[in-house]
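Summary of the model geometry
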Amino acid sequence: MTAGPEATAESIAPGGTPRLESSAPDATAPLESTAGATPPLESTVPGAIVGSGRPSVAAPQATVRLNSPAWGGDPIQKENILDLSITLPDLPDCEPMLIGGEWTTGSARERIPVLDPATRKQLTTIAQAGPEEVSAAVAAATAAHRDRRWRGLPPRQRRDVLLRLADLVERDAERLAVLDTLDNGKAIERARGDVELGLQAIRHFAGTPTRLTGTVHAAAADRHVYSVREPVGVVAAVLPWNFPFMIAAWKVAPALAAGCTVVVKPAEQTPLTALRLAALCLEAGVPEGVVNVVTGDGRTGAELVAHPDVAKVSFTGSTEVGRLIMAAAAPSVKRLTLELGGKSPNIVFADADLDAVVPNAVRAVFGHSGQMCTAGSRLLVERTVVKEFLDRLVPAVEALRIGPGLEGGINIGPLVSQEQYDRVTGYVELGHAEGAEVAVGGEPLTGPGWFVQPTVFTGVAPGMRIAREEIFGPVATVIPFDSEEEAIALANDSEYGLAAGVWTGSLARAHRTAAALEAGTVWVNTYNEFDPAVAFGGMKQSGLGRDLGDAAVDGFTELKSITIAL
């Protein structure tokens, strides 16, 4: 959901425009158990995959067999090798954008390479959309909004189009998951789970057009007074790199359900599935111009967010970039939904079932290689069970399988980029410098991809930077507490308020603690569970507004009140 600091803000781009990088992380899917899974393989996936044609997931071309390459004794290497065939799509030399129903690379000559984080090799490129392409996309969306080609359709017709979109996503789910793994690096099992969560959201919001209602107000006998919700207009959906397809679905589906038109700006690191989703929208019958996609880095995002005809910005990314978006939105008072950073506490009381806690705590922080805004990276553990907790946690972390995501049975894939690798390893070094102790991990890994050992720090003081700042990688801190009151105080002592976890055998304590925590989502005796009907978002500097649930749809509408003299 959020991009942590991984979403960087390079203060000023050419022309004095703030550069907005949509490198968030953020929506977090549960990490499924890999117990009994075959150890990971070493990847021989080719780095450069090129072809021709517009974005499509319908015609995969190459079958790649993953075997054991020369990792040269690297700790990633495992003895048991799994034979696995993965079908890879044919990718063009440059992935085109979708503007007004036309696939185009635009007039810009600059190209941005899209890399496979497991090999650091190029998959394809995208065009760097400039002011001309952004203006064309916004103009197409504005025209579609004004002529009512989408919002003017009967609600049941819009419902049926969204249901067809869901069917198409389900048809192409495996191909979408492979694409997410290719440009993000996450384990293929995680990518499949992300696509499923996105699909669930599309199906859920497909029913929204037929259930949007207004309110008739009590009034004088000669007055008829009522309120209705109307689509806000053109929406800029700026996506993170950690959950490329899932967050695209979480934003596009409720926006379309509300009757809006959309311009999507995917993260430059992971654009592939957002482009495929747009292609599937056209195939499902969404009118041309209603969904548009512009590609590029933070300069493209800045142009889009600042465009005067954009009525609403929905962004998932870092708090740093969220502040820039707020400033850019201020001149035209754009509506905002911001799902930003987090440093989520995961509280373990002494009466908790450690058999359940430990595997879930591992998933909560190390799933998706820790690149989640909801990562439960602050493990607050009651002092009387700290030793037993660590005695269980350390071997569980040591057993995690590290490797390229397409190999299957992987727990820790590569980080998304060199920038993110440098950031995470820099925090590991900082932890050493601050005097924290490494219980497990903490060493660099060699290999072609951006791999980092899962790391657990103990001896951590609450004021240390590794305990307060969003690392956005596979790094956890363990901090003891002595009472319920101290646990709540430690958990709330943060500028963030996105999510929190509580583990206890006491129902009364569960309710007390959940009520006291300053977080938009609290999970009790579970973690990272999402339901498209349940709103998700943060408090404090973790954001504004909500994704998912009725609150998400409300965020794409304006409330209009009408009084009629009879």
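These notes cover the structure that comes with them. Note that this is a predicted model, so its numbers are computed, not measured.

Cut-off values and rules
Residues numbered from 1 in each chain as written. Predicted model: local features only at pLDDT ≥ 70, side-chain atom pairs only at ≥ 80, totals over all residues. Heavy atoms only, no water. Salt bridge = Lys/Arg side-chain N within 4 Å of Asp/Glu carboxyl O. Helix = DSSP H or I, 4+ residues; strand = E, 2+ residues; numbered from the N terminus. Buried < 20%, exposed > 50% of the residue type's maximum accessible area, 1.4 Å probe, protein only. Contact = heavy atoms within 4.5 Å. Core = buried A, V, L, I, M, F, W, Y, C linked by side-chain atoms within 4.5 Å. Pairing = 2+ DSSP bridges. Axes fitted to C-alpha atoms, helices over the stretch in contact; angles between N-to-C directions.

1. Description of the pattern of salt bridges
One pass over the full model with this rule turns up 28 salt bridges. As a salt-bridge pair, Arg 159 and Asp 160 come within 3.0 Å of each other at their nearest N and O atoms. With a closest N to O distance of 2.8 Å, Arg 383 and Asp 482 form a salt bridge. Of this pair, Arg 383 sits in the loop between strand E16 (378-382) and helix H10 (386-398) while Asp 482 sits in the loop between strand E19 (475-481) and helix H13 (484-492), and the two are 99 residues apart along the sequence. The class of Arg 383 is partly exposed, set by a relative accessible area of 44%. Counted as one network, the salt bridges with shared partners bring together Arg 171, Asp 172, Arg 175 and Glu 283.

2. Points about the environment of Thr 181
Positionally, Thr 181 belongs in helix H3 (residues 173-184). Residues Thr 181 and Asp 116, spaced 65 residues apart in sequence, show a C-alpha to C-alpha distance of 8.4 Å. Aside from chain neighbours lying at most four places away, what touches Thr 181 is Lys 186, Ala 187, Ile 188, Ala 191, Gly 405 and Leu 406.

3. Examining the nonpolar core
Leu 165, Val 169 and Leu 256 are the most contacted members of the largest nonpolar core, which totals 84 residues. When residues in this core are grouped by element, the largest group, 11 residues, is from helix H5 (residues 244-257). The residues touching Val 169, leaving out its near neighbours within four places in the chain, are Leu 176, Val 195, Leu 199, Ile 202, Phe 245, Leu 277 and Leu 280. Judged by nonpolar contacts, the second largest core, of 29 residues, contains Leu 400, Val 440, Phe 451 and Ala 476.

4. Observations regarding the sheet that holds strand E25 (residues 557-565)
Strand pairing within a sheet occurs via backbone hydrogen bonds; the two strands may be parallel or antiparallel. Read from one edge to the other, the open sheet built from three strands follows the order E8-E9-E25, with strand pairing classed as antiparallel. A strand with exactly one partner marks an edge of an open sheet, and here the two such strands are strand E8 (215-217) and E25. With direction set aside, neighbouring strand axes in the sheet form an average angle of 25°. Note: E8 against strand E9 (residues 223-231), three bridges, orientation antiparallel. Residue pairing in the sheet places Thr 215 in a bridge with Ser 227 of E9.

5. Focus: the sheet that holds strand E15 (residues 345-348)
Pairing within the open sheet is mixed, and its seven strands lie in the order E17-E18-E19-E16-E15-E21-E22. Where the open sheet ends on each side, the last strands, each with one partner, are strand E17 (437-440) and strand E22 (521-524). With strand direction ignored, the average angle separating the axes of adjacent strands in the sheet is 25°. Direction of pairing for strand E18 (residues 455-458) relative to E19: parallel, over a ladder of three bridges. If you follow Val 456 over to E19, its bridge partner there is Ala 476.

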